[in-house]
Amino acid sequence: MNLKQPHQPPFLAHWLLNKFLSKYLLEEIEGDLQEVYQDRIASKGRLYASLMYWIDMLHLSVGFMGKEVRPMNNWSMFKHYFVISCRNLSKDKGYSLVNISSLAVGMGICLALAQYIFSEFNHDPSLRDHPHIYRLTLERSLEGSLEDRDLLTAHSLGTIASEEIQGIASFTRLYVPDEGAFVSRYDQRPISMDPSEIYYVDRNFLDFFHLKLQLGDPSHALDDLFNVVISERISKRHFGNSNPIGQTLSIGGGASHGDYLVTGVIADQPENSHLQFDFLFPIKNFITYGWMGAVKRNPHIPWFVNYFELSPHADKTIIQQRIDEIIHRHKPEWNPELMLTESSSLQPISDIHLDNNRYANGDYVTNKGNPSDLNSYLIIAAIILVIAWFNYINLSTAQSMKRAGEVGIRKSMGANRAELVFQFLSEAVTINLLAAICGLGISFLALEILGDLLGKELSFTLFSKFEFWLITSLSLLGGALISGIYPAFIMSGHQPISMLSGKTNLISPKYNLRQVLVTFQFLISILLIAGTFLIYKQIDYMQNEDLGMDIDQVLVVHGPKHIEVLDGGPQLTDYEGLQAFKKYNRKMYKIFRDEVQKIPAVGSITGSWYVPGDPNFDLQDDIRRWGSPESENQTVRLVQTGLDFIKTYNLKLIAGKEFTPDLFDSRAIILNEKAVQAFGFDSPEEAVGDQLYFRKPLKIVGVVKDFHWHSLKEDHFPWIIWLTGSTPGYLSMKLNALNLEKTIPQIQEIYDQLYPGNPFEYFFMDVQFNQQYQSELQFRNLFLSLTVLAILIACIGLFAMISYAVTLKVKEIGIRKVLGASLTQLMILLSKEYFRLLALAIILALPLISFIGDKWLENYAFRTNPGPDLYIIPGCILILIAILTVSHRTLVAAQANPVDSLRAE
């Protein structure tokens, strides 16, 4: 008869038990462990028994075991520790409130920022299930040096690449115009459309990006040249709750105007998608009719963005090489005058949102993020949580004297150090768990505030991620253990006699880790204050620095998007008709200009295709000095303007003259100083009267000082100002009076008469220009908010520590008062340690402020001078905060009646 062999405990756990326990102890308890293990198997199964065996082994091994045999771990022991933890928390409510609240705020802020950072790194979630979709980008180099980047190619590139390159599963194209239009229905008032709202796309666009229509057939929605798919927002605006399918929308101006049949309605794109549009037009319409036939006449102009979907096992590097070969082969027809070397790159969809590259013809993506800002937010969130944990360590060690008697009694009754350590760690875990629960509530409020600061709609999506809960749990447990291990060992490490006698000072200076942590909190606080101060200085500098032009009191009106040709006017049926229309266009603009200048409040008026601060600009890389070889082509930015552009924007003319009416047909241009240098002129005076070559000669009539067309984040760039007489995209007017209530309606009346059907829209140049700093302003506001929170948490901890220090020195204070100590002497006694640490923190912070400040300012071509105030003011602010934090508590203690503290002596 075979007897059933007993189950063996987990081998690794049993081996570790042998390593940790002495031979004597192992003989005492090994049999008991085996017996309990078999009983657990019989009652609850082997898995449960093995898990509990591991827990027993870890419990017995804490502290490598003392010489005494401790009771085995069981659930009642955990319950006992939990009850003691709750009792201690309720016993000292002030201490508990400070610890839990500071930890809760830290955790809540971290959760909110974690959600924001997660959403920024996980844009286009609907496309993440399709990782083989790429956007084509181009890099242009001259002799190995990168000149610029671009997104636009000829419309035939995608077709040729998909036909010739194996591994491209499909492709789609996109065109976003750089000029807006307006839309109307029947006799409705026309509504302006921003260029970024308008996409001209291939028929397969919806299927390629896995976009579903709410109404309409996605496979045929873009079949006809005059079909249009609109967003849900546009549908409600123009059609209310009625079905728009089969209805007509009239599009005026823009790349291709006309009457379009609504064939589909698509849901508004989520904020975390890089595709943000309201109108989808067929790309064939643009190729056929775009810009009054200009696209059809010039089929190789690079205006199109290409997306490619690769086969799952395709080699991206090889495909990029093949695309480069195609670009090089077709260079004579696509870019015959381009001297730069072009190379392609397939950019993953997931990289688009945080792509900070500036592209030659702009980027149609309007909701981009900033990786450096995200890194800053992540660091600050971690700092806030670390400061909260440091508060716990400091307050726990500061409170240790109150619990010395408890620890002494437990030790005298047989408790060993391992059990005490485990008890105090359980208290740390309990506090962190309570703080985490409170932090979840705080995170929802913080996320809403964060969304308001950033101008984004944020919601929690992390809660559905298993990885989030795993990382959060590990961080919570790790933080609790790290923050609780030092106080636990401090409070459990003394002899019971000394603890019961009250002679042990657990927070004596020899425990210098507490001082290190306080110094670190001061150091971080002053760095955050200095960072906030520097951000304010830089933004103020950029908003108030001389731009080389005057944008104050400049009213900018959007030019007409559609010019109605009256009976008998030119017809756009051929090239001659187009030229006649241009003359008609110039005539209408001249009439408008002359009429507006009759208004007393208007000092001057000019037109231009772009205005300062406009993210779009005309970049040309095939302009060279007259008589120079093609290899000396320069990359410049070009803006076409009307008369009085120099006068209206008060550009500083340093050579030559401004534009005059007799120069309209002479291809006259004005350069800035940077362009003079780029084309190799020795001086502005030498440049005047000379010529550049851009398909035809360009006559240089003047030179102006360098100006900031865009924000001061960018360096000066070569600019060419080109005279044109046609109706431009923007009409800029310098106003010399503040009576805008009358002036603007007068301008609108003239505008409506000459350009009927066009919406009258305007803005002030200084307000629009400063919109470029919106991301900096958001970063400043959020940085300031997080800094205030971090300092507040540190101050709460500092106040609580001062309170505990006062409690410990209450008798000393009483004796000193009896002996004649003054109020000032007592306040210095109580606070001098912390102000020494504050002074040390300020000294340590000075080189860090200099290093970090210089690194951050490297992101700006024009930057503020940090100056001595960057080092003095933050230190003074922190000293003031520290004085306010400690003065109240020390003043109350110093003013207390010494009889109250000495009556028991």
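Below, the discussion takes up the overall build of the protein. Scanning the protein from terminus to terminus reveals 28 helices and 24 strands. In the protein, which comprises 905 residues, the proportion classed as buried is 50%. If you take every contact in the protein between residues at least 6 apart in sequence, the share linking residues at least 24 apart comes to 78%. Accessible surface, the protein as shown: approximately 42600 Å² in total, 58% of it carbon and sulfur.

Turning our eyes to something else, we now look at the environment of M549. Inspection of the secondary structure puts M549 in the loop between α17 (512-544) and β14 (554-558). On a C-alpha basis, the gap between M549 and W709 in space is 8.8 Å, while along the polypeptide they are 160 residues apart. Ignoring any residue separated from it by four or fewer positions in sequence, one finds M549 in contact with P612, Y649, N650, L651, F707, H708 and W709.

Another point: the pattern of salt bridges. On inspection of all chains with the given rule, the structure shows 24 salt bridges. Here E164 makes a salt bridge to R329, at a shortest N to O gap of 2.8 Å. On the criterion of sequence distance, the pair formed by E164 in helix α6 (residues 156-164) and R329 in helix α10 (residues 316-329) is long-range, its members being 165 residues apart. Among the residues examined, E164 registers a relative accessible area of 37% and is labelled partly exposed. The closest approach of N and O atoms between D363 and K368, which form a salt bridge, is 2.6 Å. Take D363: its relative accessible area is 22%, and that puts it in the partly exposed class. With relative accessibility at 27%, the residue K368 sits in the partly exposed group. Connected through shared salt-bridge partners, R135, D355, D363 and K368 make up one network.

What follows concerns unusual backbone geometry. Among all residues except glycine, the phi angle is most often negative; among peptide bonds, the trans geometry is most common. Although it is not a glycine, H210 sits at a positive phi angle of roughly 55°. Looking at where H210 falls in the secondary structure, it is placed in the loop between α7 (205-208) and β7 (213-216). Classification of H210 as partly exposed rests on a relative accessible area of 37%. The backbone of D644 shows a phi angle near 65°, a positive value even though the residue is not glycine. Relative to the assigned elements, D644 resides in the loop between β17 (634-641) and α19 (645-648). Exposure remark for D644: the relative accessible area of 18% places this residue in the buried category.

This model, assessed by the stated rule, comprises 40 aromatic pairs. Ring geometry for F707 and W719: centres 6.1 Å apart, planes at 40°, overall tilted. One end of the pair, F707, is in the loop between β21 (696-704) and β22 (719-723); the other, W719, is in strand β22, and twelve residues separate them in sequence. For the residue pair F707 and W719, the accessibility class agrees, reading buried in each case. Measuring from centroid to centroid gives 5.3 Å for Y751 and F760, while their planes differ by 70°, and the two rings are edge-to-face. Taken individually, Y751 and F760 each receive the classification buried, so the pair is uniform in this respect. Across from the ring centre of F717, 4.2 Å away, lies the NZ or CZ of R637, which sits over that ring. Above the plane of the ring of Y536 lies R780, whose end atom (NZ or CZ) is 4.5 Å from the centre.

Attention shifts here to the pairing of strand β8 (residues 227-231). Among the five residues in β8, five count as buried, and that is most of the element. Burial of β8 is two-sided: the residues N227, V229 and S231 facing one way and the residues V228 and I230 facing the other way are all buried. As judged from the two bridges shared by β8 and strand β11 (residues 279-282), these two strands associate in the antiparallel manner. The residue of β11 that forms the bridge with V229 is L280.

This part is about the pairing of strand β12 (residues 305-310). A large share of β12 lies buried, amounting to five of its six residues. As defined by bridge partners, strand β3 (residues 168-175) adjoins β12 across six bridges and the pair is classed as antiparallel. Residue R173 lies in a different strand from β12, and its bridge partner there is N306.

On to the packing of α6 against α10, then. As a packed pair, α6 and α10 sit with axes 10 Å apart at the nearest point and diverge in direction by 130°. As far as their axial angle goes, α10 and α6 are oblique. When the axes of α6 and α10 are compared, the crossing they make is right-handed. Between α6, through L157, I160, A161 and E164, and α10, the contact on the second element is made entirely by R322, I323, I326, I327 and R329.

Here the focus is the nonpolar core. Counting residues in each nonpolar core, the largest one holds 118 residues, and the members touching the most others are Y377, Y649, L651, F659, I721 and M765. When residues of this core are assigned to their parent elements, the largest contribution, 16 residues, is made by helix α24 (residues 774-808). Sequence-distant contacts of F659, defined by excluding residues within four places in its chain, comprise T641, G642, L643, A668, I669, I670, V701, I721, W722 and L723.

This paragraph deals with the confidence of the model for the protein. In this model, the protein carries an average pLDDT of 80, and 83% of its residues clear a pLDDT of 70 or more. Confidence over residues 567-573 falls short of pLDDT 50; this stretch has eleven contacts with residues more than four positions distant or in other chains.

Turning our attention to a nonpolar patch on the surface. Residues F11, L12 and W15 make up a contiguous nonpolar surface patch of roughly 370 Å² in combined accessible area. Tracing the backbone through its elements, the reader meets F11 in helix α1 (residues 11-20). Residue F11 is classed as exposed on the basis of its relative accessible area of 66%.

Let's shift gears to the environment of I266. As for its placement among the helices and strands, I266 is situated in strand β10 (residues 258-266). Discounting residues that sit within four places of it in the chain, I266 has contacts with L206, L211, K212, L213, Q214, V229, I230, S231, E232 and F277.

Another aspect to go through is the side chain of T532. Note that T532 resides in helix α17. Filtering out sequence-adjacent residues up to four positions away, T532 remains in contact with F783, L784 and T787.

Calculation rules
- One numbering rule holds for all chains: residues counted from 1, following each sequence as written.
- Thresholds applied to this predicted model are a pLDDT of at least 70 for local features of residues and 80 or more for the giving and counting of side-chain atom pairs; totals over whole chains, interfaces and linings are not thresholded and use all residues.
- Only hydrogens and water are removed before side-chain values are computed, so all heavy atoms of the structure are retained for them.
- Helix and strand labels come from DSSP, where a helix needs a run of H or I of at least four residues and a strand needs a run of E of at least two; each type is numbered from the N terminus.
- Only protein chains enter the area calculation, which uses a 1.4 Å probe; residues under 20% of their type maximum are buried, those over 50% are exposed, and those in between are partly exposed.
- Contacts are assigned to residue pairs with any non-hydrogen atoms lying within 4.5 Å of each other.
- Only the protein chains shown count as cover for residues, and all accessible areas are computed by the Shrake-Rupley method using a 1.4 Å probe.
- We count a salt bridge whenever a side-chain nitrogen from Lys or Arg sits within 4 Å of a carboxyl oxygen from Asp or Glu.
- Centres within 6.5 Å are what make two rings of Phe, Tyr or Trp a pair, Trp counting through its six-membered ring; a difference in plane orientation under 30 degrees is then read as stacked, over 60 as edge-to-face, and the rest as tilted.
- Note on criteria: charge over ring means Lys NZ or Arg CZ within 6 Å of the ring centre, with the direction from the centre no more than 35 degrees off the ring normal.
- Note: two strands are recorded as paired if DSSP finds a minimum of 2 bridges between them.
- Axes here mean lines fitted to C-alpha atoms, for a helix over just the part in contact, with angles spanning 0 to 180 degrees between N-to-C directions.
- If an angle is under 35 degrees, it is roughly parallel; if it is over 145, roughly antiparallel; if it lies from 65 to 115, roughly perpendicular; otherwise it is oblique.
- Handedness of a crossing is defined here by the sense of rotation of the near helix relative to the far one, left-handed for an anticlockwise turn of less than a right angle and right-handed for a clockwise turn.
- Each nonpolar core is a collection of buried residues, namely Ala, Val, Leu, Ile, Met, Phe, Trp, Tyr and Cys, held together in the definition by side-chain atoms within 4.5 Å.
- Think of pLDDT as the predictor's per-residue confidence, scored from 0 to 100.
- Each patch is built from residues lacking any salt bridge and having more than 30% relative accessible area; the joining distance is 9 Å for like charges and 5 Å for nonpolar side chains (Val, Leu, Ile, Met, Phe, Trp, Tyr).

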